[in-house]
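Here are the chains, one letter per residue:
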Amino acid sequence: MKKIQMVDLRSQYEKIKEEVDAAMQEVIDQTAFINGPQVRLFADELKQYLNCKYVIPCGNGTDALQIAMMALDFKPGDEVIVPAFTYIAAVEVIALLGLKPVFVDVDPDTFQIDASKIEPLISDRTVAIVPVHLFGQCSNMESILKIAKKHTLKVIEDAAQSIGSVYTFTDGNRAFSGTMGDIGTTSFFPSKNLGCFGDGGALFTNDHDLAEKMRMISTHGQKKKYHHHSLGVNSRLDTIQAAMLRVKLRYLEQYQKARNEVASAYDLAFENHSHISIPKRDSNSTHVFHQYTVKLNGVNRENFSKHLASFGIPTMVYYPVPVHLQVAYQDYGFQEGDFPVAEKLSHEVISIPIHTEMDPGQLELIINTINSFFQ
């Protein structure tokens, strides 16, 4: 049996090796390593896939969030609403730009920002809501967009873990994650559902002026070479990465299907387990399972992880410390007890392997090993 990994990038590559190698060789032959034609082609193909008007590639997902906030002209002291249980990137960018993060607790079952708790936290300094579509499904976008419209707020979707997931509104309209707010952002980090062989990211929007502004900001604020019209950054998607992403985009639906098959097997195995709560699938969103994250009930998580490791099965904890309790953000004055759901989840959650290349033998071993821990 192959070694079990959280994500098996080598096996995935081997299946599409000829296509990837040919795409990368084409870039080398052209020697157009920065802003080569494959960058534009990838942006066009991703735009068509997502059914949005503009895709602006950039250097990574964190840069995408920063460029989005710069393009929306947020000023130091402005407040941005963000979930308390998430990866650090969105909060990091807020802090770097001199903005103030306003944390909101999350839903204990879906792990998404709790939309019912947003409105009481809106002040006259609030400028935006950043829903992070965690682990592979969408936040409650219908409620979030209604709140944003009511209070004239911007919405920046962090779709780094959810590319390809689809949200269905009550009127039947459907939209991909990252395409519903003013701006969507994503990451192409290698382990993402659509990942490259290094760093990469992109921004999505349906607003022409915003698209032009974000494109300008991402290239040193220049409209044309050596003519700089705004403060900008240097954040470009490498041509080699774009070429490789073009190949993998063709397989994205197949990858989502494979991940869902693994998730369904886990669901079936653990749906009535007294010590394991399987991830809730929201009825309004498809799930692309960037991670399969369970909650352990009355279980020593470290012992559980060690037991699986003894059989060669890795696990990961996303995230062991909620953002409001991270040392780097203590100056904002939050303390333990402020966001009880996020804090409880940080002690309960654990993610088990899920990726596109898992075989039945690996899946059986993981399920049997987990069950054996409780026997």
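Residues numbered from 1 in each chain as written. Predicted model: local features only at pLDDT ≥ 70, side-chain atom pairs only at ≥ 80, totals over all residues. Heavy atoms only, no water.

(A) Quick peek at the nonpolar core. With 49 residues, the main nonpolar core has Phe74, Phe85 and Leu203 as its most contacted residues. Mapped by element, the contributors of at least two residues to this core are strand E1 (54-58), helix H4 (61-71), strand E2 (79-83), helix H5 (89-96), strand E4 (126-129), helix H7 (208-217) and helix H11 (340-348). Broken down by element, this core gets its largest block of residues, seven residues, from H4. When residues no more than four places from it in sequence are discounted, the contact partners of Phe85 are Val106, Phe111, Leu134, Phe135, Tyr318, Tyr319, Ala342, Leu345, Ser346 and Val349. (Core = buried A, V, L, I, M, F, W, Y, C linked by side-chain atoms within 4.5 Å. Buried < 20%, exposed > 50% of the residue type's maximum accessible area, 1.4 Å probe, protein only. Helix = DSSP H or I, 4+ residues; strand = E, 2+ residues; numbered from the N terminus. Contact = heavy atoms within 4.5 Å.)

(B) Highlighting unusual backbone geometry. Following Tyr318, the chain continues to Tyr319 via a peptide bond in cis, the omega torsion being 15°. Its location among the elements puts Tyr319 in the loop between helix H10 (301-309) and H11. Even without being a glycine, Phe111 presents a positive backbone phi close to 70°. Tracing the backbone through its elements, the reader meets Phe111 in the loop between strand E3 (100-104) and E4.

(C) Highlighting the environment of Gly298. Following the sequence through the fold, Gly298 ends up in the loop between strand E13 (292-296) and H10. Expressed as a C-alpha distance, the spacing of Gly298 and Ser274, which sit 24 residues apart in the sequence, is 9.2 Å.

(D) Quick look at the sheet that holds strand E9 (residues 201-205). With respect to topology, seven strands assemble into an open sheet ordered E1-E9-E8-E5-E4-E2-E3, the strand pairing being mixed. Two strands close off the open sheet at either side, each with one partner strand: E1 and E3. Along the sheet, successive strands turn relative to each other by an average axial angle of 25°, direction set aside. On the sheet, H4 packs against E1, strand E5 (154-158), strand E8 (183-187) and E9 and is oriented at approximately 160° with respect to E8. Along the sheet, helix H6 (residues 141-150) contacts E4 and E5; its crossing angle with E5, the most-contacted strand, is approximately 150°. (Pairing = 2+ DSSP bridges. Axes fitted to C-alpha atoms, helices over the stretch in contact; angles between N-to-C directions.)

(E) Fine view of the packing of aromatic side chains. Counted by the stated rule, this structure contains 21 aromatic pairs. With 6.0 Å between their ring centres and 70° between their planes, Phe85 and Tyr319 make a pair best called edge-to-face. Of this pair, Phe85 sits in the loop between E2 and H5 while Tyr319 sits in the loop between H10 and H11; the two residues are 234 residues apart in sequence, bridging distant segments of the chain. As far as the burial class goes, Phe85 and Tyr319 line up, both buried. Arranged with centres 5.8 Å apart and planes meeting at 25°, the rings of Phe289 and Tyr292 form a pair that is stacked. (Phe/Tyr/Trp six-rings, centres within 6.5 Å; stacked < 30°, edge-to-face > 60°.)

(F) Summary view of the packing of H10 against helix H12 (residues 360-374). Contact geometry for H10 and H12: axes closest at 10 Å, N-to-C directions at 135°. In terms of axis orientation, H10 runs oblique to H12. Crossing hand, H10 versus H12: right-handed. Every residue of H12 that contacts H10 at Asn303, Phe304, His307 and Leu308 is listed here: Thr369, Ile370, Ser372, Phe373 and Phe374. In terms of residue class, the contact of H10 with H12 is built from five nonpolar, four polar and no charged. (Parallel < 35°, antiparallel > 145°, perpendicular 65-115°, else oblique. Left-handed = near helix turned anticlockwise from the far one by under 90°. Nonpolar A, V, L, I, M, F, W, Y, C, P; charged D, E, K, R; others polar.)

(G) Structural context of the sheet that holds strand E12 (residues 276-277). Strand order in this open sheet of three strands is E12-E13-E14, and the pairing throughout is antiparallel. With one partner strand each, in any of the chains shown, E12 and strand E14 (349-352) form the two edges of the open sheet. For E12 and E13, the ladder comprises two bridges, and the chain directions are antiparallel. By the bridge assignment, Ile276 is partnered in E13 with Leu296.

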